[in-house]
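One-letter residues, chain by chain:
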Amino acid sequence: MIGLISATAAGAAARDRLAAAWPDRTRVYEGPVADAVRRAFGECTQLVCFLATGAVVRLVAPLLSDKASDPGVVCVDEGGRFAVSLVGGHGGGANELARAVGRLLGAEPVVTTATDAVGVPGLDTLGLPVEGDVAGVSRALLDGEPVALELELSWPLPALPANVGDGVPGAGPTIRVTDRLLDGGGAGADEVVLRPPSLVVGVGASKGAPVDEVLALVRGALADAGLSVASVAALATVDAKADEPGIVGAAERLGVPVVTYSADELAGVEVPNPSDAPLAAVGTPSVAEAAALIGGGELLVPKRKSERADGAPAMATCAVVRRAGRGRLAVVGLGPGARDLLTPRAEAELRRASVLVGLDQYVDQIRDLLRPGTRILESGLGAEEERARTAVAEARKGHAVALIGSGDAGVYAMASPALAEASDDIDVVGVPGVTAALAAGAILGAPLGHDHVSISLSDLHTPWHVIERRVLAAAEADIVVTFYNPRSRGRDWQLPKALAILGAHREPSTPVGVVRNASRPDESSRVTTLAGLDPATVDMMTVVTVGNTATRNIAGRMVTPRGYRWQEETKR
């Protein structure tokens, strides 16, 4: 929860804007400012104070205890010009909060954390639990010293600076990636340990099994095997135990989700220690081992039972499996071109990638958002399939890859060829973007207010007779049509042909919107009619939207009503 505190009317106005934008994430604290800050500091994970920086410093200073547990604090000035990350930039998430607040309020985020200031990734911002000498190794990164990277198991990491690489253990600052407990109980000097979520713990439990019994079993199994609880990704069990309080409670204390499978799914997994007891109880000869093994991996801890101090029968079983790190492919839509139409999720995926694959002109749009050390594989127009193959191949090597496309990557873009190339040996994440049709629609007014369809007029990949049939179907169904790839120097007859097909079913006065370079600095747009559109004014950077029989030009804007009642009332 994010606590919001203000002292003046101007601060309260900005505070209320934030509260309205994030109703489920924020809580407004009223009353005397000092009391409000004190209460919010104790109850929230983050604070946004609409106060002078000096005032916030004095108010929170007595409350600070430990950077690992203190909430992140962001300070916004009275004029709403700056969002300052004041406390807990990394651990408290204040740096990202400052950026998010800045986007919402139009304020400039101010981040002074050393690693962020010079573009070096903070070791506690890589998305993995971290322990050890974060400050010391971060100083080495900042100073350009050689930093060893010891991968005890392969995992798709974000990009790391050029001074990080394979090294000799103990030779200097070291980043170690492991799920094992360290000798001596912790990281040494000049060493940081990253904990990948590589372990899955399968759990079976009798009805009413206590949380403490399940938790002690899991922790004991991990400790005996020399494994870190910080690398547990999930507790897995049969779906009949999805709501078992002992399992749910143990997962909550560990901070991991409960993943469930049907008895039939578990029964199909070959395990070393099947049993008649779970078969009779829930319909599968194994719960703990099967649930842990169902996604593949190495069984590190075979099924073991809990122990009870009173000597009563065990009420829980568990097994531990290590799943190999899989490469990760994020297919990212960059939107129509304007930076403020790039989604925060897309920006986060770009920061997460160690390899970026994309069209050169799209890479140029977002180059400044990449972490130092990101490997960029760019190519020119017409190499979509090759870029898709390259991205999948890099993910199969175990890298975190971002494959970028304009608009939404799933609409006439890179998602289709990439997913056609990919198999289930990598993880694939789709990141939606604002499509050209949506960007153009917002500029034109509301042309997509009812059923609509997008059709590409490029016959490079689709035979013209197929395109023609689709245009005819849209015309006969009275659907608003957005044409992508409408006209190029080598394809100048397709758009007139498509307009003629629509014209046989719609009036010449039907509104038509033409938008070129939507959301970019040289954007242009106009609303004309089906009879008035000159195809020669259209090129490949243009989106053409043709209304249906209900679409109207109102005050220069295209409007398609949500229903046909308006059309009937207009006729009267």
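Keep in mind that this is a model prediction, so the values were computed, not measured.

### Looking at the pairing of strand β4 (residues 72-76)
Thinking step 1. Of all five residues in β4, five are buried, a share of seventy percent or more.
Thinking step 2. Where burial is concerned, the two faces of β4 agree: the one with Gly-72, Val-74 and Val-76 and the one with Val-73 and Cys-75 are both buried.
Thinking step 3. Read as a crossover between parallel neighbours, the route from strand β3 (residues 46-50) over helix α3 (residues 53-60) to β4 is right-handed.
Thinking step 4. Here β4 pairs with strand β5 (residues 82-87) via four bridges, running antiparallel. Among the inter-strand pairings, Val-76 is bridged to a residue of β5, identified as Ala-83.
Thinking step 5. Two successive antiparallel strands, β4 and β5, enclose a turn made up of five residues, where Gly-80 displays a positive phi of approximately 65°.

### A closer look at the sheet that holds strand β29 (residues 557-559)
Thinking step 1. A sheet is described by the order of its strands in space; here three strands give the open sequence β22-β29-β28, paired in mixed fashion. Each having just a single partner strand, β22 (445-446) and β28 (552-554) make up the two edges of the open sheet.
Thinking step 2. Inspection of the sheet shows β22 paired to β29 by two bridges, in the parallel sense. Its bridge partner being in β29, Gly-445 is matched across the sheet by Met-558.

### What about the pairing of strand β18 (residues 355-359)?
Thinking step 1. When you tally the buried positions in β18, you get five out of five residues, the bulk of the element.
Thinking step 2. Across five bridges, the pairing between β18 and strand β19 (residues 375-379) is parallel. Note that in β19 the partner of Leu-356 across the bridge is Ile-376.
Thinking step 3. Tracing the backbone out of β18, into helix α13 (residues 360-366) and back to the parallel element β19 gives a crossover that is right-handed.
Thinking step 4. By the bridge criterion, three bridges tie β18 to strand β20 (residues 400-405) in an arrangement that is parallel.

### Points about the nonpolar core
Thinking step 1. Counting residues in each nonpolar core, the largest one holds 24 residues, and the members touching the most others are Val-201, Val-203, Val-214, Val-218, Leu-222, Leu-235 and Val-320.
Thinking step 2. Secondary structure elements with two or more residues in this core: β12 (199-205), α7 (211-224), β13 (232-238), α8 (245-254) and β16 (316-322).
Thinking step 3. Here the element with the most residues in this core is α7; it accounts for six residues.
Thinking step 4. In contact with Leu-235, not counting residues within four places along its chain, are Val-201, Val-203, Ile-247, Ala-250, Ala-251, Leu-254, Val-256, Pro-257, Val-258 and Val-259.

What counts as what
- Residues numbered from 1 in each chain as written.
- Predicted model: local features only at pLDDT ≥ 70, side-chain atom pairs only at ≥ 80, totals over all residues.
- Heavy atoms only, no water.
- Buried < 20%, exposed > 50% of the residue type's maximum accessible area, 1.4 Å probe, protein only.
- Helix = DSSP H or I, 4+ residues; strand = E, 2+ residues; numbered from the N terminus.
- Right-handed = clockwise from strand over helix to strand, strands pointing away.
- Pairing = 2+ DSSP bridges.
- Core = buried A, V, L, I, M, F, W, Y, C linked by side-chain atoms within 4.5 Å.
- Contact = heavy atoms within 4.5 Å.

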